[in-house]
Amino acid sequence: QVQLVESGGGVVQPGGSLRLSCAASGSGFRINAMGWYRQVPGKERDLVARIASGGSTNYGDAAKGRFTISRDNAKNTVYLQMNSLKPEDTAVYYCKVDGRVLTTMAVFISWGQGTQVTVSS
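Residues numbered from 1 in each chain as written. Predicted model: local features only at pLDDT ≥ 70, side-chain atom pairs only at ≥ 80, totals over all residues. Heavy atoms only, no water.

Visitor: Describe the sheet that holds strand β1 (residues 3-7), listing the residues and the values that go with them.
Guide: Strands sit in the order β1-β3-β8-β7 across an open sheet of four strands; the sheet is antiparallel. Strands at the two margins of the open sheet, each flanked by one partner only, are β1 and β7 (67-72). Within the sheet, the average angular offset between the axes of one strand and its neighbour, ignoring direction, is 15 degrees. Direction of pairing for β1 relative to strand β3 (residues 18-25): antiparallel, over a ladder of five bridges. (Pairing = 2+ DSSP bridges. Helix = DSSP H or I, 4+ residues; strand = E, 2+ residues; numbered from the N terminus. Axes fitted to C-alpha atoms, helices over the stretch in contact; angles between N-to-C directions.)

This is how it looks when you write it as structure tokens:
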């Protein structure tokens, strides 16, 4: 079973920066894509950024030009560097990982518990 632990959320002023981390732990799996999504109350969970196993990335419109996703495959960890933060970036940010179980090749999808990011003066 894959477990995800997120860190790095908090309160920041507009224009500030935060770096989120999400580490996957467990054994017997191979990770493919890793990504970040965010959700505000009453709305759907939206893509922030996603990075494939080979390093290709895609970003949601709100993140383009301000956020950067990266990953450390040796540590099974994905990062989200968020710069020039705006009040509308306030949300709960969730890490998502998908991959395959090595023994069965079954696909798995795991979500982190979420970390709150608040942008406010």
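Visitor: Break down the packing of aromatic side chains for me, with residues and values.
Guide: In the structure shown here, the tally under the stated rule is two aromatic pairs. Taking 5.9 Å as the distance between ring centres and 80 degrees as the angle between the ring planes, the aromatic pair formed by F29 and F108 counts as edge-to-face. Placement of F29 in strand β4 (residues 29-39) and of F108 in strand β10 (residues 107-111) is noted, with a sequence separation of 79 residues between them. Between Y37 and W111 the ring centres are 5.2 Å apart and the planes differ by 65 degrees, which places this aromatic pair in the edge-to-face class. With Y37 in strand β4 and W111 in strand β10, this pair connects stretches of sequence that are 74 residues apart. (Phe/Tyr/Trp six-rings, centres within 6.5 Å; stacked < 30°, edge-to-face > 60°.)

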